[in-house]
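# Examination of the molecular architecture
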Amino acid sequence: MLIADKFEFNDVPEAKAQLNFAPETYIVDSTIRSLQSGVSGSLHTASDMIEIGAALSDIGVRELIVNLSWKDGFTVAEGLAEKNLSARVVGTFRARHPMAETWAKDGISAGCDEICFESANDADHFSRLADPVRESNRGVSHGFAEAYAYKEVVDIVRAGVALGCRSQSFHDSYFRFALTPEGAKAFYSALRRDVPDAPPLYIHLSNFYGNATMTAIASLAAGASAADVCMNGIGHHCGHIQMAEIVTALAALYGVDAGVKLDRLTEVSHLVRERTGFNGPLHSPVTGDNGFMIDGAYWAAEAHIPYEERIHAKFPIDPRAVGNVETVVWAPGTINTGSVRSKLGAMGIDNATVTDGSVEHIIFALEDLLRQRNTYPNWVTDREFEQLCRDVLRRGY
């Protein structure tokens with residue numbers, strides 16, 4: 001289990017009383033579905049999506065969601081089914097589309113383990129669509145992606161109980177893209193109260209306000225069973241819940257294991273980047289190339305302090321726990337003579353033999369190098385800075 005530093009107010013009764021996690025919390029994945037959307041701008045092939053799905057299954061996601069009505073949907077479902085993965089292959093599409101019954105039948109033929117009907121008109125409509133799927137011994141589930149009155153939601157969830165529905169998923173479009181963390185807690189608590197025998201409840205959110213992860217965690221803390229996520233935050237509407245963010249936050253801050261192999265997150269994130277061309281911000285949490293980056297001056301200021309006692313020159317979690325690495329960079333905006341001398345000492349160079357003039361030349365050489373490059377990012381790596389220091393000292397400044 002990934003454990004972060006403790007803050008005492010996380011454990012006070014008032015905070016603990018707000019947590020009501022389901023007995024089992026897990027992850028379902030819409031990376032493939034989001035890649036199918038034109039908004040992703042992805043360069044993938046159907047084979048790429050199959051390989052990505054297999055990798056996601058291997059690290060522990062419970063379901064792989066594929067839109068059967070979009071390009072390559074049936075091909076990808078067939079390819080995933082042939083791999084006999086641990087994750088269920090869930091084919092989805094709009095329940096209100098005239099082709100819904102045909103897509104369900106063809107999805108079963110393609111090897112889908114489950115058919116998720118999005119936004120049935122009402123309980124009767126859901127039952128009519130679900131019956132042929134159940135007769136084929138495949139699972140059924142439902143997603144709310146349109147506007148519903150709360151009573152309609154309760155009616156459909158109750159109908160799903162009778163149908164053996166495997167899950168009920170709630171999309172941000174149902175929440176009118178206006179769900180707050182507080183509203184999420186109230187909604188899932190109410191639904192658990194009003195339908196005590198409801199199947200697992202899912203949360204699927206876009207990231208318009210940058211709050212998808214925290215709102216999803218609030219939903220899980222109120223009794224939802226799973227977050228429907230995307231690797232690297234791919235998706236329309238500013239991307240969907242970022243898998244790496246939510247699983248590490250659950251583990252480190254709440255002690256909740258969502259069943260995902262954290263030490264392989266960066267590996268699979270890179271696979272998605274390679275196969276799609278969708279890189280995402282370098283500073284993305286957890287799997288970003290710069291996610292565990294620290295300024296050399298910050299590092300130098302606490303280099304003499306044991307790691308566990310540092311404030312700025314450390315990270316909330318060990319980068320190795322999520323398959324990433326710590327990187328130190330140096331830039332003119334923060335560097336000073338003290339930080340240079342700390343670095344020289346770490347390099348095994350006796351500072352007593354280094355003049356103040358030499359240190360000033362190191363700072364000047366760094367500024368001059370970056371001025372000549374004049375490109376982003378405007379810093380040098382720790383290895384480059386070490387070489388620069390040795391070059392300056394070798395020239396006898």
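Quick caveat: nothing in here was measured; it's all calculated off a predicted structure.

With that settled, consider the pairing of strand 8 (residues 226-229). Here strand 8 shows a buried face lined by Ala 226 and Asp 228 and a second buried face lined by Ala 227 and Val 229. Inspection of the sheet shows strand 1 (residues 26-29) paired to strand 8 by four bridges, in the parallel sense. Its bridge partner lying in strand 8, Val 28 is registered against Asp 228. Both strand 7 (residues 201-204) and strand 8 contribute to a ladder of two bridges, which runs parallel.

A few words on the sheet that holds strand 6 (residues 168-171). Taken together, the eight strands give a closed barrel; going around it, the order is 1-2-3-4-5-6-7-8, and neighbouring strands pair in parallel fashion. Direction aside, the axes of adjacent strands within the sheet are offset by 25° on average. Relative to strand 2 (residues 63-67), strand 1 runs parallel, the two being bridged by two bridges. Bridge pairing links Asp 29 to Leu 64 in strand 2. Its contacts with the sheet put helix 7 (residues 150-162) on strand 5 (139-144) and strand 6, and the angle it makes with strand 6 is roughly 150°. In the packing of helix 8 (residues 181-194) onto the sheet, contacts are made with strand 6 and strand 7, and the angle to strand 7 comes to roughly 160°.

Taken together, three strands build an open sheet; the order of strands is 9-10-11 and the sheet is mixed. One side of each edge strand has no neighbouring strand; the edge strands of this open sheet are strand 9 (293-295) and strand 11 (380-381). Pairing analysis gives two bridges linking strand 10 (residues 327-330) to strand 11, with the strands arranged antiparallel. Looking across to strand 11, one finds that Val 329 is bridged to Thr 381.

To continue, consider the nonpolar core. One finds Phe 117, Phe 170, Met 243, Ile 246, Leu 265 and Phe 385 to be the most contacted residues of the largest nonpolar core, which totals 114 residues. A total of eight residues in this core trace back to one element, the largest contributor, which is helix 10 (residues 243-254). Leaving out residues up to four positions away in the same chain, Ile 246 has contacts with Ile 27, Thr 213, Ala 216, Ile 217, Leu 220, Ala 227, Val 229 and Ile 241. Among the nonpolar cores identified, the runner-up in size contains seven residues, and Tyr 26, Val 28, Ile 65 and Tyr 202 belong to it.

All told, the structure shown has 23 aromatic pairs when counted by the stated rule. On the numbers, 6.4 Å between centres and 70° between planes, the contact of Phe 117 with Phe 126 is edge-to-face. A relative accessible area of 0% places Phe 126 in the buried class. Put simply, the rings of Phe 144, Tyr 148, Tyr 150, Phe 170, Tyr 174, Phe 175, Phe 187 and Tyr 188 touch in pairs and so form one group of aromatic residues. Looking at Arg 62, its charged tip hangs above the ring of Tyr 26, at a distance of 4.0 Å from the centre. Here the basic side chain of Lys 343 rests over the ring of Trp 299, its NZ or CZ set 5.4 Å away from the ring centre.

Glancing now at helix 15 (residues 382-394). The terminal C-alpha atoms of helix 15 lie 18 Å apart, and with 13 residues this matches the ideal 18 Å at 1.5 Å per residue to within 8%. The complete set of buried residues in helix 15 reads Phe 385, Leu 388, Cys 389 and Val 392. An end-on view of helix 15 places all buried positions within 100° of arc, on one side of the element. Of the exposed residues in helix 15, those oriented more than 90 degrees away from the buried face are Arg 383 and Arg 394.

What follows covers helix 3 (residues 46-59). End to end, helix 3 covers 20 Å across 14 residues, agreeing with the expected 20 Å (1.5 Å per residue, within 8%). Counting buried residues in helix 3 gives 11 out of 14 residues, a clear majority hidden from the surface. Turning to helix 3, its buried residues number three or more, namely Ala 46, Asp 48, Met 49, Ile 50, Ile 52, Gly 53, Ala 54, Ala 55, Leu 56, Ser 57 and Ile 59. Check the buried side of helix 3 and you find it contacts strand 1, helix 2 (31-36), strand 2, helix 4 (73-82), helix 10 and helix 11 (265-276). Of the residues flanking the end of helix 3, it is Gly 60, one or two places downstream, whose phi is positive at about 120°.

This brings us to the side chain of Ser 269. Within the element layout of this structure, Ser 269 appears in helix 11. Here Thr 287 takes part through its side chain, which lies 3.4 Å from a polar atom of the side chain of Ser 269.

Once that is clear, we can look at the pairing of strand 3 (residues 88-94). Counting buried positions over the seven residues of strand 3 gives five, a clear majority of the element. Note: strand 2 against strand 3, five bridges, orientation parallel. Paired with Val 66 across the bridge in strand 3 is Gly 91. Both strand 3 and strand 4 (residues 114-118) contribute to a ladder of five bridges, which runs parallel. From the neighbouring strand, Gly 91 faces strand 4, where its bridge partner is Ile 115.

The next point concerns the packing of helix 3 against helix 11. Direction vectors running N to C along helix 3 and helix 11 enclose 175°, while the axes themselves pass 10 Å from each other. Put simply, helix 3 runs roughly antiparallel to helix 11. Between helix 3 and helix 11, the contacting residues are Asp 48, Glu 51, Ile 52, Ala 55, Leu 56 and Ile 59 on the first element and Leu 265, Val 268, Leu 271, Val 272, Arg 275 and Thr 276 on the second. For the contact of helix 3 with helix 11, a count of residues per class yields eight nonpolar, one polar and three charged.

What counts, and where the lines are drawn
Residues numbered from 1 in each chain as written. Predicted model: local features only at pLDDT ≥ 70, side-chain atom pairs only at ≥ 80, totals over all residues. Heavy atoms only, no water. Buried < 20%, exposed > 50% of the residue type's maximum accessible area, 1.4 Å probe, protein only. Helix = DSSP H or I, 4+ residues; strand = E, 2+ residues; numbered from the N terminus. Pairing = 2+ DSSP bridges. Axes fitted to C-alpha atoms, helices over the stretch in contact; angles between N-to-C directions. Contact = heavy atoms within 4.5 Å. Core = buried A, V, L, I, M, F, W, Y, C linked by side-chain atoms within 4.5 Å. Phe/Tyr/Trp six-rings, centres within 6.5 Å; stacked < 30°, edge-to-face > 60°. Lys NZ or Arg CZ within 6 Å of the ring centre and 35° of its normal. Expected span 1.5 Å × (residues − 1). Arc of directions from axis to C-beta. Polar contact = N/O pair within 3.5 Å; in protein donor to acceptor, adjacent residues only side chain to side chain. Parallel < 35°, antiparallel > 145°, perpendicular 65-115°, else oblique. Nonpolar A, V, L, I, M, F, W, Y, C, P; charged D, E, K, R; others polar.

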